[in-house]
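# Observations on the model geometry
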Amino acid sequence: MTSVSAEPYEFDLDPATTALVVIDMQRDFLQPGGFGELLGNDVSLLARVVAPLQRVLAAARETGMLVIHTREGHRPDLADCPPAKLTRGRAETTIGSSGPKGRILIRGEDGHDIVPELRPIPGEVVLDKPGKGAFYATDMEAVLRNRSITHLVVTGVTTEVCVHTTVREANDRGFECLVLSDCCGSYFPEFHEVGLRMIAAQGGIFGWVAASEDLLSALIPATADLGA
Ligand code: C5J
């Protein structure tokens, strides 16, 4: 058992029963020419998440934690995409439209894939989800229960959308969630800040929040300074 310094108080975890969840670190959200930028967002705000997340991913692999990467996206025929999701925003460019990275948020397209810096390795779970939360219309819960996972370290983008939705879903299912503040990001810095505060408020109403350094120093004390 390892204790991580966190808000609102320390988060105790055992790597054997903890999964690292990496939410939607896809080209479509992070890279120029992807969906996020086509919607008018500054994608450089998300790029800063990559380096600390690489260090956490390396530590999770070293300690033998289960690693789950999620990707938001849809079937090429859009049969699993609610019409409301397609038409929301009244934008000309939407899910399924052709863009510089292929069809937006469509499985198998370049933009739908995970950024190369965080590419999954064999043995890691890659979970395709049609919604914001990782539990909705997926086998996420079965994957976790079958591995006796009780604790989640949650990272990825965006803080207030897919990260928040997943943490809320996990919390209602009884999983203990630690969100890493510098390993999550938003196109809206104020939403990121408030989103994190909402998780740890009221004695940890949805879970805990810590910086990645606090997790790393608890997991692998000898390598904690590598990222500084
Ligand atoms: C969004 C996500 N923002 N991964 N998706 O639409 O947060």
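Here goes a summary of the coordinates provided. (Residues numbered from 1 in each chain as written. Predicted model: local features only at pLDDT ≥ 70, side-chain atom pairs only at ≥ 80, totals over all residues. Heavy atoms only, no water.)

### Some details on the sheet that holds strand 10 (residues 208–210)
Strand order in this open sheet of six strands is 7-4-3-8-9-10, and the pairing throughout is parallel. Each edge of the open sheet is held by one strand with a lone partner, namely strand 7 (125–129) and strand 10. Sheet twist, expressed as the mean angle between neighbouring strand axes with direction ignored, is 25°. One ladder, built from six bridges, connects strand 3 (residues 18–23) with strand 8 (residues 151–157); its direction is parallel. (Pairing = 2+ DSSP bridges. Helix = DSSP H or I, 4+ residues; strand = E, 2+ residues; numbered from the N terminus. Axes fitted to C-alpha atoms, helices over the stretch in contact; angles between N-to-C directions.)

### Notes on the packing of helix 4 (residues 50–63) against helix 9 (residues 212–219)
Where helix 4 meets helix 9, the axes come as close as 10 Å, and the angle between the chain directions of the two elements is 25°. Taken together, the axes of helix 4 and helix 9 are roughly parallel relative to one another. The handedness of the crossing between helix 4 and helix 9 is left-handed. Counted together, Pro52, Arg55, Val56, Ala59 and Thr63 of helix 4 and Ser212, Leu215, Leu216 and Leu219 of helix 9 form the full contact between these two elements. (Parallel < 35°, antiparallel > 145°, perpendicular 65-115°, else oblique. Left-handed = near helix turned anticlockwise from the far one by under 90°. Contact = heavy atoms within 4.5 Å.)

### Things to note about the environment of Arg103
Inspection of the secondary structure puts Arg103 in strand 6 (residues 102–103). Separated by 39 residues in the primary sequence, Arg103 and Gly64 have C-alpha atoms spaced 35 Å apart. When near neighbours in sequence (up to four residues on either side) are disregarded, Arg103 contacts Pro76, Leu78, Gly96, Ser97, Ser98 and Glu109. Polar side-chain contacts of Arg103 include one of 3.0 Å to the backbone oxygen of Pro76. (Polar contact = N/O pair within 3.5 Å; in protein donor to acceptor, adjacent residues only side chain to side chain.)

### Thoughts on the packing of helix 7 (residues 159–172) against helix 8 (residues 189–204)
In the contact formed by helix 7 and helix 8, the axes pass within 10 Å of each other and the chain directions differ by 15°. On the basis of the axis angle, helix 7 is roughly parallel to helix 8. Here helix 7 and helix 8 pass one another in a crossing that is right-handed. On helix 8, the residues touching Thr159, Glu160, His164 and Arg168 of helix 7 are Phe191, His192, Gly195, Leu196, Met198 and Ile199.

### Brief notes about the pairing of strand 4 (residues 66–72)
For strand 4, the buried fraction is high: seven of the seven residues fall into the buried class. Bridge count between strand 4 and strand 7: five bridges; the pairing is parallel. Each bridged residue has a counterpart across the sheet, and for Ile68 the counterpart in strand 7 is Val125. (Buried < 20%, exposed > 50% of the residue type's maximum accessible area, 1.4 Å probe, protein only.)

### Comments concerning the pairing of strand 8
Of all seven residues making up strand 8, seven are buried, and the element is well covered by its neighbours. As defined by bridge partners, strand 8 adjoins strand 9 (residues 176–185) across six bridges and the pair is classed as parallel. Across the sheet, Gly156 pairs through a bridge with Cys184, a residue of strand 9. Taking the sense of rotation as the criterion, the β-α-β connection linking strand 8, helix 7 and strand 9 turns out right-handed. (Right-handed = clockwise from strand over helix to strand, strands pointing away.)

### Points about the nonpolar core
With 43 residues, the main nonpolar core has Leu20, Met25, Leu178 and Leu215 as its most contacted residues. Listing elements by their share of this core, those giving two or more residues are strand 2 (11–13), strand 3, helix 1 (27–30), helix 4, strand 8, strand 9, strand 10 and helix 9. Grouped together as the second largest cluster of nonpolar side chains are 27 residues, Met140, Cys162, Phe175 and Ile199 included. (Core = buried A, V, L, I, M, F, W, Y, C linked by side-chain atoms within 4.5 Å.)

### Topic: the site of the ligand
The environment of the ligand is made up of Asp24, Phe29, Glu72, Lys132, Val157, Thr158, Val161 and Cys162. Contact between the ligand and Val157: a nitrogen atom at 3.1 Å from a main-chain N or O atom of the residue. Between the ligand and the protein, one listed contact pairs an oxygen atom with a backbone N or O atom of Cys162 at 3.2 Å. Here the residues of the shell around the ligand are counted per class, giving four nonpolar, one polar and three charged. (Near = heavy atom within 4 Å. Nonpolar A, V, L, I, M, F, W, Y, C, P; charged D, E, K, R; others polar.)

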